[in-house]
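Survey of secondary and tertiary structure
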Amino acid sequence: MKETKNIIFTLDGREAEARPDETVLSVAKRLGVDIPALCHHQAVTSYGACRLCVVEVKKGKRTRIVTACIYIPADGDVVETGNERVNKLRRIILELLLARCPEVDLIRSLAGQYGVDASSRFRVSGSAGAGERCIICGLCVRVCAEVMGQHAIGYANRGGKRMIATPFETQTEDCIGCGACVFVCPTNALHLEDIGGKRVMKELYTSMPMMKCTGCGREFATEKQIEKVRHCLPAAHDKIAMCPSCRRAAFRDAAGQALI
Amino acid sequence: MIEDPGLQIDAVIDSAVALHGSRPDSLIAVMQVVNGGLGYLPREALYRISERLKIPSSEVYHVATFYNAFSLTPKGRHSVKVCLGTACHVRGAPRILDEIRRCLEIESGETTPDMEYTLETVNCIGACALGPVVVIDQHYYRAEPGKVDKLFKAFADSGLTVEEVRAKQEIPAEEVVQSRFDSGKVSVTVCGGTGCQAYGCEAIAIGIEEELVRAGVREKVRFVQTGCRGFCEKGPIIVVQPENLFYQQVTLADVDEIVLKSVLGGQAVERLLYRLPGTETTVLHEEDIPFYAHQDRIIFGDNGRISPQIIEDYLVHCNGYEALRKALQMNPDSIIDEITRSGLRGRGGGGFPTGLKWATCRKAHGEPKYVICNADEGDPGAYMDRSLLEGNPHRVLEGMIIGAYAIGANEGYVYVRNEYPLAVKHIGIAINQAREKGFLGRNILNSGFDFDVKIARGGGAFVCGESTALMASLEGRAGEPRAKYIHTVDSGLWGKPSNLNNVETWANVPFIITNGADWYASIGTEGSKGTKIFSLVGKVLNTGLVEVPMGVTLRKLIFDVGGGIPDGKRFKAVQTGGPSGGCLPESLLDLKIDFDELYNAGSMMGSGGLIVMDETSCMVDVARYFLNFLSDESCGKCVPCREGIAAMFNILTDICEGRGTKEHMPLLQELAEATAQGSLCALGGSAANPVLSTLRYFPEEYRAHIEEHKCPAKVCKALITFNILADNCTGCAACVRKCPQKVISGKKKEAHVIDQSGCIKCGVCFDTCRFQAIEVE
């Protein structure tokens, strides 16, 4: 039997109500309680990888640490989102991330908020310090698979060698150059640049031709993006190769013609 | 042979898909077939697999790079695998690896330019009693530091036939007393466990059978190649009945004599009997050997009685499938009640009460339900699950069928390590035989209950011992765990209620059903019932698999069963519980081994590996070893585990290499606690234990490294020097010849010296010198 009634629990000392299947992070957001999270985005499924959203849950006598982005509270849970134990843990996690990506502003500012020294005491995995910006939160992987349906990006290797990668670390046919991954990346580890008639995403070994607007001639999307839209929306055929403003203008003109 | 590589790839993929189907969950199995057929996974093959199974190539690539079983580059004709398990590590595996590297002139993971050898390391090959172990193709070798060239010679000789090796000696034949065979009780059993195989038991078994034929008694003698008998240190082992003569360290040259004297004549061959250490006293029977005398071999004892490939053996000699017959007459709830009352706790590591798990899974909503046997034995230093599956697969299967009936599951999986080919083979044979006999399949023994089992071979990832990762792997994905806020008994494999137990746990079940919960609960301690199989390895005299009641002290196990520490060295620590466990010091030798006592001492039971360490084991190095293991085996998904383990490893490396500072010990403590609390799964959650336990029990060793820049065990290379003692050196120049750096010099028959500036501290001179003239400082 699926639980249908709302769950009543305590969040930082006050009563909170969660819909069935609603996570602590979601409830906290709704109530304006700030919980830091790097691998969470409302557009994709939660992953529980960055562990920054740890909170403490007291269930009867038992107290434990859970991640707010995936933990679904139960009736009577007492959740504390920012006590000393939680903050201490977040400080270490931030210090580890800082050791990996010392140049990422978001991590530096979060670390600053939690009172972590700008220079981490640790040396960690990967190419730490050498301009590394990726924290392997996996948002790009999830947005590419779940939102775009392309599955162009994935992971490679495991443990300390794990990384975000396209298959064989080369350009993949599955990438349409939409840039959703670049948009969702919290640490600016992915970049997108339109130069010389091409869209270049160097971290993904990708370079693909742009489409010129049939109206104004401006490059506005990649050919593969247009192809994808054509495939998904066969009805939108004639104006799909236009940039948004030309398309609007074309529709306006068509509407005007119809009025006349 | 198909010449076109594209066609060849298609042909292999076709055969793989024909075998395993094209559903997405077949991915790992299909890739195993292709990797096996082509020797590696060419890029083209992965793209084709992606098309055939309709899995995005990004996911195929992830799986291909996640599991150790797969290679993206071509391999040499022969694979050389150096085991880096804990037992092998403390017995010098790093030095073996260094020597092989120098010998083949390649790094680990590389292939020689002539494509002859590929050198690889394995985190535990499961032949721990033999450590340090090197596996060349399918041949297991016990390696010795300084003598790596011997290995390759032995490998080159491995094709020799029995006749070529057997020494021709004239042994007076005993008169064959025909009446001796009328009883039908004459039998010869040859241990066929992995340990004994490393010593060449295969050839010995062939030799015995040939001799029996020659003596004309083959039909009258029960000849069995059994599974592992546990005393791996002394293999190959042969037992002759009805006199119950126990022979150890048998060679091919002994085969004729055993048959002529013992099988035909019932007489003992003195020189092959076990001798009490330090005496000339021989022991005739297995049960009188101290190693066995202190054990209580309820689960493991049957291994020595039967052929694992013959179901009739199991039925006749082990009361096989009688527990299932009894269980099928019982109500499922009363079976669960029996298991609950027996106090059985999971043997895989956590020690969760088995009855409670079954009850929860039975009550869980959702169909179908699954039962899974976790045979992904990854703990370095443990190999009891391997030996159970290899030696007595029907016992495990019987336990699973009973469990499935109690829980209400009709489908089961055995997830077994691909590194255990014999276990894969034997459980496969057992499943087929059980189906033929009606113990598996539809309407089992006319009870109306249906159940069948599939085998899934693991891809080589320690983290797949974690239940959620194992289930991800069964679904064909990379073995990444998920948070267990919802338990797998409620939502496991494909989101369905799934009950996962370890091999040894399943093997306990038939005994509980047959003998009752009260009998079982009478064995062991208050909180931990029954017996436990331990793999007693490392710096201990009698290495092997031992089974004792819960509650036996570490001292009894290590000194009475294990015979103490070899070479007159002093006991320093015992590591229990694998990478999730800890190192316990001498002061805790009287600790009673059970789940709770070990946990309270800062270690854990784990799957039952006990790695004994002596004064030559450095505890900082051991902690560093485990962190290295874990950083390789972590899935890398969550930050505390991926980066926290790497950070701890880097600090420990600094300490081992003489760069330790006084801040390092508190820093390790802080990191260890954060990693334990913050990680997503139990791998990260317990990764800190090797660090925390060594910090707790051996702080002085850390301080010696940090403050005095000394490694008391003389292990950490950066902190030691090798010198030649002029008084002992005979100038034989053996070390000069072996030194890879050519930094030893001196006149013939005069004391030599080592040029410290070029010394890489490989220790080859130390291992080579027969005059104790090399000193480590």
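**Looking at the sheet that holds strand E16 (residues 544-549) of chain B**
Residues and elements named next belong to chain B. What the 5 strands build is an open sheet, ordered E16-E15-E19-E17-E18; its pairing is mixed. A single partner strand is all that each edge strand has here, and the edge strands are E16 and strand E18 (582-585). Between one strand axis and the next, the sheet turns through 30° on average, direction left out of account. Across 6 bridges, the pairing between strand E15 (residues 531-538) and E16 is antiparallel. What sits directly across from Phe534, in E16, is Val546.

**A look at the pattern of salt bridges**
The full count for this structure, using the stated rule, is 60 salt bridges over all chains. Residues Glu22(A) and Arg30(A) are paired through a salt bridge, measuring 2.9 Å at the closest nitrogen-oxygen approach. When the shortest N-O distance is used, the salt bridge between Arg477(B) and Glu475(B) registers 2.7 Å.

**Comments concerning the interface of chain A and chain B**
On the side of chain B, 45 residues touch chain A, which itself brings 45 residues to the contact. Across the chain A/chain B interface, buried area totals approximately 3800 Å², and carbon plus sulfur atoms make up 55% of it. Three residues stand out in chain A for area buried against chain B, namely Arg123(A), Arg158(A) and Phe168(A), and they jointly supply 23% of the buried area on that side. Here chain A is connected to chain B by 5 salt bridges. Between Glu633(B) and Arg158(A) there is a salt bridge, with the nearest N and O atoms lying 2.9 Å from each other. Linking chain A with chain B are 26 residue pairs in polar contact (both at pLDDT 80 or more), by the criterion used here. Those elements that place two or more of their residues in the side of chain A that touches chain B are strand E4 (62-67), helix H2 (84-100) and strand E6 (154-156) of chain A. Top contributing element to the side of chain A that touches chain B by residue count: H2(A), with 8 residues.

**Points about the domain arrangement of chain A**
All names here are of chain A. Domain annotation of chain A identifies domain 1 (7-82) and domain 2 (139-259). Computed from C-alpha coordinates alone, the two centres of domain 1 and domain 2 are separated by 34 Å. The interface is formed by 9 residues belonging to domain 1 together with 9 residues belonging to domain 2. There are 5 residue pairs in polar contact (both at pLDDT 80 or more) connecting domain 1 and domain 2. When its residues are assigned to classes, the side of domain 1 that touches domain 2 shows 5 nonpolar, 4 polar and no charged.

**What about the side chain of Glu95(A)?**
When you line up the elements, Glu95(A) lands in helix H2. Those residues within four positions of Glu95(A) in sequence are excluded, and the remaining contacts are Val116(A), Ser120(A), Arg121(A) and Phe122(A).

**Re the packing of helix H1 (residues 5-20) of chain B against helix H2 (residues 27-38) of chain B**
All names here are of chain B. At a closest axis distance of 9 Å, the pairing of H1 and H2 adopts a crossing angle of 140°. Considering their axes alone, H1 and H2 lie oblique with respect to each other. Regarding H1 and H2, the two cross each other, and that crossing is right-handed. Here H1 contributes Gln8, Ile9, Val12, Ile13, Ser15, Ala16, Leu19 and His20 to the contact with H2, which in turn contributes Ala29, Val30, Val33, Val34 and Leu38. When its residues are assigned to classes, the contact of H1 with H2 shows 10 nonpolar, 3 polar and no charged.

**As for helix H6 (residues 93-104) of chain B**
Residues and elements named next belong to chain B. Over its 12 residues, H6 extends 16 Å from the first C-alpha to the last, a length consistent with the 16 Å expected when each residue adds 1.5 Å. Those residues of H6 hidden inside the fold are in contact with strand E1 (78-83), helix H5 (86-90), strand E2 (117-122), strand E3 (133-136), helix H7 (148-157) and helix H33 (764-768). Two residues or fewer after H6 comes Glu105, characterised by a positive phi angle close to 60°.

**Some points on the sheet that holds strand E2 (residues 14-18) of chain A**
All names here are of chain A. Strand order in the open sheet made by the 5 strands is E2-E1-E5-E3-E4, with mixed pairing throughout. The open sheet has two free edges, formed respectively by E2 and E4, since each of these has just one partner strand. Averaged over neighbouring strand pairs, the angle between their axes works out to 35° when direction is ignored. Its contacts with the sheet place H2 against strand E3 (54-59), E4 and strand E5 (78-80), and it is angled at close to 150° to E3.

**Remarks on the environment of Gly636(B)**
Of note, Gly636(B) is situated in the loop between helix H26 (619-633) and helix H27 (639-656). Take Gly636(B): its relative accessible area is 0%, and that puts it in the buried class.

**Considerations on the pairing of strand E9 (residues 198-201) of chain A**
Residues and elements named next belong to chain A. Only one face of E9 is covered, namely the one carrying Arg199 and Met201; the face carrying Lys198 and Val200 has none of its residues buried. The pairing of strand E8 (residues 193-195) with E9 spans 3 bridges and is antiparallel. Each residue of the ladder has a partner; that of Asp194, found in E9, is Arg199. If you look at the hairpin formed by E8 and E9, you'll find 2 residues sitting between the two strands, and Gly196 has a positive phi there, around 55°. Where E9 and strand E10 (residues 206-212) come together, 4 bridges link them in antiparallel fashion. Across the sheet, the residue bridging to Lys198 is Pro209, located in E10. What sits between E9 and E10 in their antiparallel hairpin is a turn of 4 residues, with Tyr205 showing a positive phi close to 55°.

Definitions and limits used
Residues numbered from 1 in each chain as written. Chains lettered and ligands numbered in written order. Predicted model: local features only at pLDDT ≥ 70, side-chain atom pairs only at ≥ 80, totals over all residues. Heavy atoms only, no water. Pairing = 2+ DSSP bridges. Helix = DSSP H or I, 4+ residues; strand = E, 2+ residues; numbered from the N terminus. Axes fitted to C-alpha atoms, helices over the stretch in contact; angles between N-to-C directions. Salt bridge = Lys/Arg side-chain N within 4 Å of Asp/Glu carboxyl O. Contact = heavy atoms within 4.5 Å. Buried area = accessible area lost by both parts, 1.4 Å probe. Polar contact = N/O pair within 3.5 Å; in protein donor to acceptor, adjacent residues only side chain to side chain. Domains from an automatic or database assignment. Nonpolar A, V, L, I, M, F, W, Y, C, P; charged D, E, K, R; others polar. Parallel < 35°, antiparallel > 145°, perpendicular 65-115°, else oblique. Left-handed = near helix turned anticlockwise from the far one by under 90°. Expected span 1.5 Å × (residues − 1). Buried < 20%, exposed > 50% of the residue type's maximum accessible area, 1.4 Å probe, protein only.

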